[in-house]
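# Coordinate analysis (summary)
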Amino acid sequence: MNQSDLLFLTIIAIMSTSLIVLVVQLVRSRRRGPDGGEGDGRAGWWEGPWDDDDRKR
């Protein structure tokens, strides 16, 4: 196995991983529903403010 074979395998691995991530994101966004929410009216974990976590349940 020479250097060009390793480069080819690395490129194939990166491209297949990127394709898998893209497909997973598309499936998750379609499963979420037409309103685009998580179901309880709260935003995603990456959106602030984080004080909403202290609300009473």
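Up top is the structure.
This write-up is about the structure you can find in this document. Since this is a predicted model, take the numbers as computed values, not measurements. (Residues numbered from 1 in each chain as written. Predicted model: local features only at pLDDT ≥ 70, side-chain atom pairs only at ≥ 80, totals over all residues. Heavy atoms only, no water.)

### Looking at the overall build of the protein
The secondary structure content of the protein amounts to one helix and zero strands. The buried share of the protein, taken over its 57 residues, is 2%. Here the protein displays about 5,700 Å² of accessible surface, and carbon together with sulfur accounts for 60% of that area. (Helix = DSSP H or I, 4+ residues; strand = E, 2+ residues; numbered from the N terminus. Buried < 20%, exposed > 50% of the residue type's maximum accessible area, 1.4 Å probe, protein only. Areas by Shrake-Rupley, 256 points an atom, 1.4 Å probe, with all protein chains shown as cover.)

### Quick look at a nonpolar patch on the surface
A grouping of M1, L6, F8, L9 and I12 is seen on the molecular surface, where their side chains present a nonpolar patch of about 560 Å² in accessible area. Relative to the helices and strands, I12 is located in helix α1 (residues 3-31). For I12, a relative accessible area of 41% translates into the label partly exposed. (Patch = residues over 30% accessible without salt bridge, like charges linked within 9 Å, V, L, I, M, F, W, Y side chains within 5 Å. Salt bridge = Lys/Arg side-chain N within 4 Å of Asp/Glu carboxyl O.)

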